[in-house]
Protein chains: 4
Amino acid sequence: MYAITLVIQCPDKKGIIADVTSFVYAHKGNIQYIDQYVDRENGAFFMRLEAELNEDNCSYDAFINAFQSGPATAFNMDWSHQPLDYKPRMAVFVSKYDHCLYDLLGRYKSGELAVEIPFILSNHADLAHVAKAFEIPFYHIPVTANTKTKATEEQLAMLEQHQIDFIVLARYMQIVPPALIDKYTSNIINIHHSFLPAFPGAKPYHSAFERGVKIIGATSHYVTAELDAGPIIEQDVARVLHSHKVAQLVAKGRDLEKIVLANAVKHHIAKKVLVYGNKTVVFI
Amino acid sequence: MYAITLVIQCPDKKGIIADVTSFVYAHKGNIQYIDQYVDRENGAFFMRLEAELNEDNCSYDAFINAFQSGPATAFNMDWSHQPLDYKPRMAVFVSKYDHCLYDLLGRYKSGELAVEIPFILSNHADLAHVAKAFEIPFYHIPVTANTKTKATEEQLAMLEQHQIDFIVLARYMQIVPPALIDKYTSNIINIHHSFLPAFPGAKPYHSAFERGVKIIGATSHYVTAELDAGPIIEQDVARVLHSHKVAQLVAKGRDLEKIVLANAVKHHIAKKVLVYGNKTVVFI
Amino acid sequence: MYAITLVIQCPDKKGIIADVTSFVYAHKGNIQYIDQYVDRENGAFFMRLEAELNEDNCSYDAFINAFQSGPATAFNMDWSHQPLDYKPRMAVFVSKYDHCLYDLLGRYKSGELAVEIPFILSNHADLAHVAKAFEIPFYHIPVTANTKTKATEEQLAMLEQHQIDFIVLARYMQIVPPALIDKYTSNIINIHHSFLPAFPGAKPYHSAFERGVKIIGATSHYVTAELDAGPIIEQDVARVLHSHKVAQLVAKGRDLEKIVLANAVKHHIAKKVLVYGNKTVVFI
Amino acid sequence: MYAITLVIQCPDKKGIIADVTSFVYAHKGNIQYIDQYVDRENGAFFMRLEAELNEDNCSYDAFINAFQSGPATAFNMDWSHQPLDYKPRMAVFVSKYDHCLYDLLGRYKSGELAVEIPFILSNHADLAHVAKAFEIPFYHIPVTANTKTKATEEQLAMLEQHQIDFIVLARYMQIVPPALIDKYTSNIINIHHSFLPAFPGAKPYHSAFERGVKIIGATSHYVTAELDAGPIIEQDVARVLHSHKVAQLVAKGRDLEKIVLANAVKHHIAKKVLVYGNKTVVFI
């Protein structure tokens, strides 16, 4: 017995669901869970399904090959698959803020995040001790105007060597170089400390304070070439009072950042996030 | 062209989704939206789907009959159907509180609720003026210890005469008689002014105040024989402060009641609520 | 016995609270409630207090005069006062959307809003029937490029004639003319259908849909010369899903708008909102 | 210069605020922040104030003594004081769940919690490694039916020896013995993994699942003799879906527990929580 997750995007057409579900049934599989969405205006179809199959009837590879030459070709699908129990390999990039790192690693150790974390990478040495406390390798690759190209090459080499599936920027205070964005499209998750599109940029809590908003937020999104403008995965908000100083907004915000980032990572791991255009479908 | 909503419950088995979706496809229908859930522990399967069909290929009645003798029989389904544009006939029961009534009727007039409201019924005459302002017939059926049986009969007669599909208790401060509950099982929606199961009974805001909770709630549920214990459809909460007096809890609570009840009614109208055991599946 | 609300702003200095509270005590008053806030960065002091006094010891007018020549002068206060049971006179401006109007009037009739509503004013005739149902005078003053100046004059005349204290724009789809803003500074409350500063302008739900946000909001603010940029009084948010179409965002948003606007109006009525710079202190 | 926090409860009477604020002013102090609340029904007055004073004018001890013989005696106050920069000494009790512990220690290391943590105590050895990673002493005091009395004595001795001010039960799965409750009344903070008073007892997530609630919660409260019935400090909630299994409720709940407990601890540290009867006043 094995379980598989299929994630599908294609132009909307009659009969896709019938075809896919019949295909699974014909291979003696059992659909455990199906999520489906159609964007009518854009004629786009999205589906995620989990199915259980039996090695004796059809191996994983045979199933994948048959699906590719069957429904995937018939409906011109952009699709991917993953064993349900696969643990993606996640790299964590940090700078000096430790709260998101503590939070992710605490969840990792508790078994809440079904990932491998081969390493933590930083442009500063400050958080090496956190990595050490959690017994995860820590690499310090400084990034300056002069070393930028070399740093990018080192980063790419490390990501490749460790077969990283996706990257989490846990308050990594650096612009991600295009070479990484290209290679890990829809696989670099950032946490922005505001309710985007309000207050993009470097100091959102100060901007929120200046504007006198009554609610602050945090936004997790995939990194794209345009800063803070990638597809949004998850957002959350918290109420603030006039009496909150910037420092208190920051403290409140940290809790939001941790939870929003952790939820985005969980959705990503489970392949529940489908990117199209600059938006996401999130099957929660 | 016509559109249909199918809602299905049955024992979980391999191939249900494939069978149903293939059935729709074979009748030249197009599935617009599918929601599905399996309760593995109880081996129970739930599905709601919206499909578009063509009169020329298959009439509504022909489709229904074929589905009954096809998948419905094969998988032992408990199922129902409704034209997507059907406007259920909703009776509103009230007593003296007007906020939920104003809210429902405001939404109704705005076109937000896809229902017909043949009448408003009350055990008191107080809210006749509201019904009049919104030009909806209002019937006053007093309920006392002596008139209870007669009142129940009158209510049943009115509900039948007006072909009522479901009843909304918009703060109707009376126990609903078993005869109504039996006839309109899973079709009587109540709003309870607390976060059930906390503070059941008549004065939840006073109890919440006494206990010093920091959050109050409202719960919409189907009415069953046991008071305040029926399947929960929707809940929401709001933060309160130590400085809030009971009257302020009541005022805050009224807003919750309005929104929670309206959302429950909307889900019910769209046939998105499936009852099983004492719980609900809500496909939102 | 009478009760009074005092609202004070002044430069921060030692001893203000002691002076004010001693003043009340010296006039045999009893402070029922005190709220205080200091913005240290700007050296600004804010206070709101409710006190009970006795006509026999000190009349309302005598108290006010003594306060003016006493603490108010000593600390260079910008202050105002109001009998605790005063019902401000509120004008409601609307266009064609009825949900906020229904909501405000429902609350008004329920006794939830301690105001008088001398009239409803609109640039369209569409909602006359709502005003009629609630038995409130309705005036239709069309606003076109040509009639703008005359319309403003008529509006000002009506506001003056009815001794209006503050104006609520319940989805009034017109730019408020400077003459009104000047005359009713910090007394015109608008509801904007987004989480400002995200998505200012005319079609925020469409913008939110385009950007793919996971949360939408509503913002109530005082109207200033700059569009959608006045001091924020209240905000709230609701979660949305990828499957929500613009129409559903709009429906969800309407509930937010109603509640956010109603809360802002309640805070304003109770003189709990203090404006300074482009921000507010809200003593909730 | 020094800053002091005063927290006061007393029977409500005319002139308390005037008297206290004048007292501070007479000692050349400057009130930075004042919070006040009166429970009229019970005639109870509550106040918290922060003031800045000058050693040259009045030492901390002199101020305290003068306040005791002055306002505190005059109004029969139950009061306490603390230097604004005092870091209370907090003991953490845990069993086997690590998420609240990781969260508290992460915040502590980030400087978010202004406390000293002299030790972590557990009835199991499981979490010793967490304590070690954060370099905090860990004591393992097993509690069995036989060793209960001895364990209590050891706990009391440790608490005394380390001059502990308050105890946080970070998912400590043991009944706290009466001897500790008596000695640390209103100084033992528990996190209960439900929205009390719904689902008290040992397995609230299972009960919530059974009841089919649409929202789950967490409650932080002071420990009293009656289980799960002490004064509530903080609560929060999260939405759940029918598709969430118990394990997912547990995971969602862990995030609530962390945040609710951390907020309760922060309020307690800042002396913002006043207990009266079985309720709290929380000046946030």
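Residues numbered from 1 in each chain as written. Chains lettered and ligands numbered in written order. Predicted model: local features only at pLDDT ≥ 70, side-chain atom pairs only at ≥ 80, totals over all residues. Heavy atoms only, no water.

A separate point is the overall build of chain A. Of regular secondary structure, chain A possesses eight helices and 13 strands. Taken against the 2.2 N^0.38 rule, which gives 19 Å for 284 residues, the C-alpha radius of gyration of chain A at 21 Å falls within 12% of a compact globule. Taken along the three principal axes of its C-alpha coordinates, chain A extends 60 × 40 × 35 Å. Burial status across chain A gives 60% buried among its 284 residues. Long-range pairs, those at least 24 residues apart, make up 67% of the contacts in chain A between residues at least 6 apart in sequence. Surface summary for chain A: the accessible area is close to 11,200 Å², and the carbon and sulfur share equals 51%. (Helix = DSSP H or I, 4+ residues; strand = E, 2+ residues; numbered from the N terminus. Rg over C-alpha atoms; globule rule 2.2 N^0.38 Å. Buried < 20%, exposed > 50% of the residue type's maximum accessible area, 1.4 Å probe, protein only. Contact = heavy atoms within 4.5 Å. Areas by Shrake-Rupley, 256 points an atom, 1.4 Å probe, with all protein chains shown as cover.)

Side-chain positions along a regular strand alternate between the two faces of the sheet. Residue and element names in this part refer to chain D. Counting buried residues in strand β2 (residues 30-39) gives 10 out of 10 residues, a clear majority hidden from the surface. Here β2 pairs with strand β3 (residues 44-53) via nine bridges, running antiparallel. Residue pairing across strands places Y33 opposite E50, the latter belonging to β3. (Pairing = 2+ DSSP bridges.)

Looking now at the sheet that holds strand β11 (residues 232-239) of chain D. As a general point, the strands of a sheet are linked pairwise by backbone hydrogen bonds and lie either parallel or antiparallel. All names here are of chain D. Read across the open sheet, the seven strands follow the order β7-β6-β5-β8-β9-β10-β11; overall the sheet is mixed. Each having just a single partner strand, β7 (138-140) and β11 make up the two edges of the open sheet. In this sheet, adjacent strand axes meet at a mean angle of 20° when their direction is disregarded. Both strand β5 (residues 90-94) and strand β8 (residues 166-169) contribute to a ladder of four bridges, which runs parallel. Bridged to M90 within β8 is F166. Sheet strands touched by helix α5 (residues 148-161): β5, β6 (120-122), β7 and β8. Its angle to β5, the strand with the most contacts, is close to 150°. (Axes fitted to C-alpha atoms, helices over the stretch in contact; angles between N-to-C directions.)

Attention shifts here to the interface of chain C and chain A. Contacts between chain C and chain A engage 33 residues on the former and 33 residues on the latter. Summed over both partners, the interface of chain C with chain A buries about 2,900 Å², with 59% contributed by carbon and sulfur atoms. When the buried surface of chain C facing chain A is broken down by residue, R211(C), K214(C) and H242(C) rank first, second and third, together holding 24% of it. If you look at where chain C meets chain A, you find two salt bridges. Seen at the junction of chain C and chain A, the total is 18 residue pairs in polar contact (both at pLDDT 80 or more). (Buried area = accessible area lost by both parts, 1.4 Å probe. Salt bridge = Lys/Arg side-chain N within 4 Å of Asp/Glu carboxyl O. Polar contact = N/O pair within 3.5 Å; in protein donor to acceptor, adjacent residues only side chain to side chain.)

Residue and element names in this part refer to chain C. Where helix α1 (residues 16-26) meets helix α2 (residues 60-74), the closest approach of the two axes is 11 Å, and the angle between their N-to-C directions is 150°. Taken together, the axes of α1 and α2 lie roughly antiparallel to each other. Between α1 and α2 lies a crossing whose hand is right-handed. Across from D19, V20, F23 and V24 in α1, the residues of α2 making contact are F63, A66, F67 and P71. The residue inventory of the contact of α1 with α2, partitioned by class, reads seven nonpolar, no polar and one charged. (Parallel < 35°, antiparallel > 145°, perpendicular 65-115°, else oblique. Left-handed = near helix turned anticlockwise from the far one by under 90°. Nonpolar A, V, L, I, M, F, W, Y, C, P; charged D, E, K, R; others polar.)

Attention now moves to the side chain of E50(B). Residue and element names in this part refer to chain B. Relative to the helices and strands, E50 is located in strand β3 (residues 44-53). Look at E50 and you get buried, because its relative accessible area is 17%. At a separation of 2.9 Å, a polar atom in the side chain of E50 contacts the side chain of R48. With sequence-adjacent residues up to four places away left out, E50 is seen in contact with I4, T5, N30, I31, Q32, Y33 and L84.

Turning our eyes to something else, we now look at the nonpolar core. Residues V265(A), V265(B), V265(C) and V265(D) are the most contacted members of the largest nonpolar core, which totals 184 residues. Apart from residues no more than four positions distant in its own chain, V265(C) is found in contact with M90(C), L104(C), L113(C), F166(C), V168(C) and I189(C). (Core = buried A, V, L, I, M, F, W, Y, C linked by side-chain atoms within 4.5 Å.)

With that settled, the discussion passes to the sheet that holds strand β3 (residues 44-53) of chain A. Residue and element names in this part refer to chain A. Here we have four strands laid out as an open sheet, ordered β2-β3-β1-β4, and antiparallel in their pairing. The open sheet is flanked by β2 (30-39) and β4 (78-83), the only strands paired with a single partner. On average, each strand axis in the sheet is tilted by 10° relative to the strand beside it, whichever way the strands run. As paired elements, strand β1 (residues 2-11) and β3 share 10 bridges and run antiparallel to each other. What sits directly across from C10, in β3, is F45.

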